[in-house]
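Here is what each chain is made of, one letter per residue.
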Amino acid sequence: RIVDVLLERFPKLQPDDVRATPSGGNGPDVQLSPAARRKFPFAVEAKNVESLALKESWAQARAHSALTGLTPLLVFSRNRSAPCVILRLGDALRTGTSPDTVAVRRGRGLNLHSCDKPVAFDYDDTILFLDTLDGFMDRFAPVRDEGVGA
């Protein structure tokens, strides 16, 4: 799904620019050409799970980031649910993907699979940002540069 979203949002990119990593492959789950990295500077860790193991999944996203020099981005969904994204709040602010107002949740009880409203939360001494994939992409600054969705 994330590959399709990127190709739709960036129509100047070709299918060879954005490819899913084969199952069991090393590195980010989405392989980006240099042209795609300029438009979408994120190392994607994608999960389709009923229950997200945040600790392990976020560690994988950070490891992909360290390998590629790209910003870590965790994209996840479960069956019959809209895909969600997690990234560091600072990265969301830097890339223009955070809304003007963000609710902040502290403590337990955050439902990671209910990302209908953007929320920031404290995790392992880092403020992370949770949003829908569509909301994240709608606010992503380079999308406006290509006039997509207008």
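Just above, that's the structure.
The notes below deal with the structure included here. Here the structure is a predicted model, which means the values were calculated and not measured.

**Focus on the overall build of the protein**
Looking only at helices and strands, one finds six helices and eight strands in the protein. Sequence-ordered secondary structure for the protein, helices as α and strands as β, is α-β-β-α-β-α-β-β-α-β-β-β-α-α. Looking at the protein as a whole, 45% of its 150 residues are labelled buried. A fraction of 55% describes how many contacts in the protein between residues 6 or more apart in sequence connect residues 24 or more apart.

**Concerning unusual backbone geometry**
For Arg80, which is not glycine, the phi torsion reads 60° and is therefore positive. Note on placement: Arg80 falls in the loop between strand S4 (71-77) and strand S5 (84-88).

**Things to note about the pairing of S5**
For a regular strand, the rule is simple: side chains alternate between the two faces of the sheet. The element S5 is largely enclosed, with a buried count of four among its five residues. Here S4 folds back onto S5 in antiparallel fashion, the turn holding six residues, of which Arg80 has a positive phi close to 60°. When S5 meets strand S8 (residues 126-132), the two strands line up antiparallel, connected through five bridges. From the neighbouring strand, Val85 faces S8, where its bridge partner is Asp131.

**Describing the sheet that holds S4**
Strand order across the open sheet formed by six strands is S3-S4-S5-S8-S7-S6, with mixed pairing between neighbours. Each edge of the open sheet carries a strand with a single partner, namely strand S3 (42-48) and strand S6 (103-105). Strand after strand, the sheet turns through a mean of 25° between neighbouring axes, direction not considered. Contacting S3, S4, S5, strand S7 (119-123) and S8, helix H3 (residues 54-68) runs over the sheet at an angle of about 150° to S3.

**Points about H3**
Helix length check: H3, at 15 residues, gives a terminal C-alpha distance of 21 Å against a target of 21 Å (1.5 Å per residue), a fit within 8%. Restricting attention to buried positions, one finds in H3 the residues Leu54, Ser57, Trp58, Ala61, His64, Ser65 and Thr68. Down the axis of H3, the smallest arc covering the buried residues is 115°, so these residues share one side. Residues of H3 that are exposed and point over 90 degrees away from its buried face: Lys55, Ala66 and Leu67. Structurally, H3 contributes buried residues whose contacts are with helix H2 (34-39), S3, S4, S5, S7 and S8. Directly after H3, the chain includes Gly69, whose backbone phi takes a positive value near 80°.

**Concerning the packing of aromatic side chains**
In this description, an aromatic ring pair is defined by two values, namely the gap between the centres and the angle between the planes. One pass over the full model with this rule turns up seven aromatic pairs. Ring geometry for Phe10 against Phe140: centres 6.4 Å apart, planes inclined by 85°, an arrangement best described as edge-to-face. Of this pair, Phe10 sits in the loop between helix H1 (2-9) and strand S1 (18-20) while Phe140 is found in the loop between helix H5 (133-139) and helix H6 (141-145), placing the two residues 130 residues apart along the sequence. Residue Phe10 shares its accessibility class with Phe140, and that shared class is buried. Ring geometry for Phe40 against Phe42: centres 4.8 Å apart, planes inclined by 55°, an arrangement best described as tilted. For the pair Phe40 and Phe42, a shared accessibility class is recorded, and that class is buried. Here the aromatic cluster, defined as three or more aromatic residues joined through ring pairs, consists of Phe10, Phe40, Phe42, Phe136 and Phe140.

**Focus on the nonpolar core**
Judged by nonpolar contacts, the single largest core of 27 residues is most densely connected at Leu6, Phe40 and Leu73. Elements supplying a minimum of two residues to this core: H1, strand S2 (30-32), S3, S4, S5, helix H4 (89-94) and H5. Of all the elements, H1 adds the most residues to this core, at four residues. Leu73 has contacts with Phe40, Phe42, Ala43, Val44, Glu45, Ala61, Val85, Ile86, Leu87 and Phe136, leaving out every residue within four places of it along the chain. Counting 14 residues, the second largest nonpolar core, distinct from the first, contains Leu54, Ala61, Leu112 and Leu130.

The rules we used
- Residues numbered from 1 in each chain as written.
- Predicted model: local features only at pLDDT ≥ 70, side-chain atom pairs only at ≥ 80, totals over all residues.
- Heavy atoms only, no water.
- Helix = DSSP H or I, 4+ residues; strand = E, 2+ residues; numbered from the N terminus.
- Buried < 20%, exposed > 50% of the residue type's maximum accessible area, 1.4 Å probe, protein only.
- Contact = heavy atoms within 4.5 Å.
- Pairing = 2+ DSSP bridges.
- Axes fitted to C-alpha atoms, helices over the stretch in contact; angles between N-to-C directions.
- Expected span 1.5 Å × (residues − 1).
- Arc of directions from axis to C-beta.
- Phe/Tyr/Trp six-rings, centres within 6.5 Å; stacked < 30°, edge-to-face > 60°.
- Core = buried A, V, L, I, M, F, W, Y, C linked by side-chain atoms within 4.5 Å.

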